[in-house]
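Descriptive structure summary
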Amino acid sequence: MTDALPKWFDGPVPEASWRALLKWGSLNESKHPNAGLVRLMQRTFGMSEADFAPRNLGLEPAVVDAPSRLPEETLAAFRELLGPENVVTDGLSRLRVAYGKTMLDLLRLRQGIVEHLPDAVLHPRDRHDVEGIVAICGRHGIPLTPFGGGTSVTRGVECVKGGVSLDLRTHMNKVIGFNEVDQTITVEAGMYGPELEQVLNRAPELLGARRAYTCGHFPQSFEFATVGGWVVTRGAGQNSTYYGKIEDLVLAQEMVTPRGVIRTQAHPAAATGPDPDQILMGSEGAFGVLTQVTLRLHRHLPEALRRFSYLFPDFALATAAARECLQSEGGRPSVFRVSDAEETDVVMKLYGVDRPWANALSSLVGLKPGSRCLMLGTTGGTEALSKVARKNLGRICRRFGGRATSGLVTRAWEHGRFRDPYLRDDLQDVGILIDTLECTVTWDTLERVHRGVRAAAKDRPRTICMTHLSHAYPQGANLYFIFIARMDDIGDYLAYQAEILDAILAHGATMSHHHGIGKMTAPWLEAQIGTEQLELFRALKRHFDPANLMNPGGTLALDLPDAERRGWIVSGIQNC
Ligand SMILES: Cc1cc2nc3c(=O)[nH]c(=O)nc-3n(C[C@H](O)[C@H](O)[C@H](O)COP(=O)(O)OP(=O)(O)OC[C@H]3O[C@@H](n4cnc5c(N)ncnc54)[C@H](O)[C@@H]3O)c2cc1C
């Protein structure tokens, strides 16, 4: 192959095409793999120039010929409640909310496989509409699946039993209340991340506040996920080591369930029995529709941000340093990531800092490509706090053999933090699949899980398995695995994914740290948490949703026999 870069697809994406449904983010945005990444793909997969010719781009119109199965009188009841413009039954609109961004969804869309369509998409305007919808669904036994931003990577929004999909983004995206004395904001569940952050950063101008604020929650999917989706999947933002996961940021919720509306109170703490907020969070649409959330706010102090990046001789030293950073009581980093050796080599290529002379120099001081590991991140808070945390971190890193690298590395990560998912589209255009699974480990089990899951992943020849630690705590961290393989057969993919999930379970990690369980990981849940805990979830489900209408079909292992959940066969139009 010549040194010329492949001709990645760069044309316009028709709005009604398969590609518009499967691609990440904005229709006409993309991020192409750079030369370093292309060379890595060539070497790993033995790909020729011809192999890099994009194919199966999905530019044809997405045609869905499957009429809604809802009786006309039910549709009429929805129209009367919501107004006709908020009840949509055409095939394309239903397909737009049928899938999330699970790799299986993207593979199905590339192959034109349509299954599990909702029979109608409803656009509620407010909580009263949601209550009305839930009541109609209850009367007629219609399944109901909430749809936030549709960025689920666990088959969360898939309407396995048909019924209606509730699109909360259209109208339910407003600020309901702001309390500067308590430092809280209450918003509707369908608000997108950037809208919330804009309002908070510009609070003096937009809310008449004395200061600017931040929510502190920045998942990689930030631009396209909603506040409601964050909460019900127990998400984590990239700055969670400082701000906490979403469950640390939520103060109160309002959820419409078939049992009635449940509203929790915005007290910072209470000893009034088990915490209903914790029960509702993580319910993934299976208990009810989250309509409002009150969030704790932080002061917005961007000027205090300090960046760091270090290279360590190996992963053991890097993770030991990470643990010490979290346990030393010297202030916590905000963004905090430690890549293993394979990921370090790939990100150095991706960030364009993988120069032969730099590699030779770093090898001289024991930081060899193939074993060296990158730690990067930021500190925040006030200037003084950020400075202390940064200094403490630097001291610890040096003690564990870390060497500071160029500031370019963290800046390059920042530059790509929300844009890297676009790479997935280009790679899939040439038959390369890139997928992720993530879990929580204790510091004590980290090495075992890392080794075991990598061994399972690498059992398949010519597979790249990159791992990073992010979202760290004094007691452990999240391990995030990224697999890159030449693979486009759905059966192969599902079998491979099941092997990795088996390995995560077998090595004692959780089945998820922040993506949730959805319908994808549900078959592994009981083995991780135990029957008693799952029975507790099922008792809660019976309480909130006795007729099993809320997001049914395997979510959180609350229904369907295990064998059926595992045995899903993707074989074309099944349930449209
Ligand atoms: C490229 C990429 C990067 C990602 N990065 C991160 C990350 O850094 N951190 C992270 O935590 N996650 C990440 N995710 C996963 C995903 O973005 C999160 O799970 C997100 O919280 C989902 O929000 P959403 O609004 O898109 O929800 P959806 O995908 O629409 O829904 C997810 C689940 O929540 C339910 N739901 C949605 N809204 C409501 C509601 N109002 N009431 C009741 N149920 C509801 C749905 O029925 C579904 O079960 C990433 C995903 C992708 C594709």
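The model shown is predicted, which means the values in this text are computed figures rather than measured ones.

1. What about the pairing of strand β14 (residues 373-379)?
Buried residues dominate β14, accounting for seven of its seven residues. Judged by which residues are buried, β14 turns out to be covered on both faces: Cys373, Met375, Gly377 and Thr379 on one side and Leu374, Leu376 and Thr378 on the other are all buried. In terms of strand pairing, strand β12 (residues 306-312) meets β14 through seven bridges, oriented antiparallel. Counted as the bridge partner of Arg307 is Thr378 from β14. As defined by bridge partners, strand β13 (residues 336-339) adjoins β14 across three bridges and the pair is classed as antiparallel. From the neighbouring strand, Arg337 faces β14, where its bridge partner is Leu376.

2. Quick word on the packing of helix α2 (residues 35-45) against helix α14 (residues 341-350)
Two elements in contact, α2 and α14, have axes separated by 7 Å at closest approach and are oriented at 135 degrees. Judged on the interaxial angle alone, α14 and α2 are oblique. Each of Gly36, Leu37, Leu40 and Arg43 in α2 lies in contact with α14, whose residues at this interface are Val346, Lys349 and Leu350. Residue composition of the contact of α2 with α14, by class: four nonpolar, one polar and two charged.

3. Re a positive patch on the surface
On the surface, Arg306, Lys387, Lys391, Arg395 and Arg398 cluster together into a positively charged patch. Among the secondary structure elements, Arg306 is positioned in strand β12. A relative accessible area of 30% means that Arg306 is categorised as partly exposed.

4. Notes on a nonpolar patch on the surface
On the surface, Trp357, Leu361, Leu364 and Val365 cluster together into a nonpolar patch covering about 480 Å² of accessible area. Tracing the chain through its elements places Trp357 in helix α15 (residues 356-364).

5. Structural notes on the site of the ligand
Contacts to the ligand come from 34 residues, most closely from Pro146, Gly148, Thr151, Ser221 and Thr226. At 3.3 Å from an oxygen atom of the ligand is found a main-chain nitrogen or oxygen belonging to Gly229. Between the ligand and Leu290, the relevant distance is 2.8 Å, taken from a nitrogen atom to a main-chain nitrogen or oxygen of the residue. If the ligand stood free it would expose 970 Å²; the protein chains cover 96% of that surface. Looking at the shell around the ligand, its residues break down into 15 nonpolar, 17 polar and two charged. When residues of the shell around the ligand are sorted by domain, at least three fall in each of domain 1 (64-172 + 531-576) and domain 2 (175-299).

6. A closer look at the confidence of the model for the protein chain
Of the residues in the protein chain, 97% have a pLDDT of 70 or more, and the chain-wide mean is 95. Low pLDDT, under 50, characterises residues 569-576; the stretch is placed with 28 contacts to residues that sit more than four places away or in other chains.

7. A short note on the domain arrangement of the protein chain
The domain architecture assigned to the protein chain consists of domain 1 (64-172 + 531-576), domain 2 (175-299) and domain 3 (302-417). Averaged C-alpha coordinates put domain 2 and domain 3 at centres separated by 31 Å. Facing eight residues of domain 2, the contacting portion of domain 3 comprises twelve residues. Taking both partners together, domain 2 and domain 3 bury about 770 Å²; carbon and sulfur atoms supply 42% of that area. The interface formed by domain 2 and domain 3 holds zero salt bridges in total. Run the count over domain 2 and domain 3 and you get four residue pairs in polar contact (both at pLDDT 80 or more). Among the residues forming the side of domain 2 that touches domain 3, the class breakdown is three nonpolar, five polar and no charged.

8. Description of the side chain of Asn392
Assignment of secondary structure puts Asn392 in helix α16 (residues 383-399). The contacts of Asn392, once residues within four sequence positions are left out, are Ser328, Gly330 and Gly331.

9. Things to note about the pattern of salt bridges
In this structure the tally under the stated criterion is 29 salt bridges. Note that Asp129 and Arg125 form a salt bridge whose closest N and O atoms lie 2.7 Å from each other. Given a relative accessible area of 35%, Arg125 falls into the partly exposed group. Here Glu535 and Arg538 are joined by a salt bridge, their closest N and O atoms 3.2 Å apart. Here Glu535 and its partner Arg538 are both found in helix α22 (residues 531-544), three residues apart, which amounts to about one turn of the helix. Residue class for Glu535 comes out partly exposed when judged on its relative accessible area of 32%. Each of Asp105, Arg108, Glu115, Arg155 and Glu158 takes part in one network of salt bridges that share partners.

What counts, and at which threshold
- Residues numbered from 1 in each chain as written.
- Predicted model: local features only at pLDDT ≥ 70, side-chain atom pairs only at ≥ 80, totals over all residues.
- Heavy atoms only, no water.
- Buried < 20%, exposed > 50% of the residue type's maximum accessible area, 1.4 Å probe, protein only.
- Helix = DSSP H or I, 4+ residues; strand = E, 2+ residues; numbered from the N terminus.
- Pairing = 2+ DSSP bridges.
- Axes fitted to C-alpha atoms, helices over the stretch in contact; angles between N-to-C directions.
- Parallel < 35°, antiparallel > 145°, perpendicular 65-115°, else oblique.
- Contact = heavy atoms within 4.5 Å.
- Nonpolar A, V, L, I, M, F, W, Y, C, P; charged D, E, K, R; others polar.
- Patch = residues over 30% accessible without salt bridge, like charges linked within 9 Å, V, L, I, M, F, W, Y side chains within 5 Å.
- Areas by Shrake-Rupley, 256 points an atom, 1.4 Å probe, with all protein chains shown as cover.
- Salt bridge = Lys/Arg side-chain N within 4 Å of Asp/Glu carboxyl O.
- Lys, Arg positive; Asp, Glu negative; His and termini not counted.
- Charge placed at Lys NZ, Arg CZ, Asp CG, Glu CD.
- Near = heavy atom within 4 Å.
- Polar contact = N/O pair within 3.5 Å; in protein donor to acceptor, adjacent residues only side chain to side chain.
- Domains from an automatic or database assignment.
- pLDDT = per-residue confidence, 0-100.
- Buried area = accessible area lost by both parts, 1.4 Å probe.

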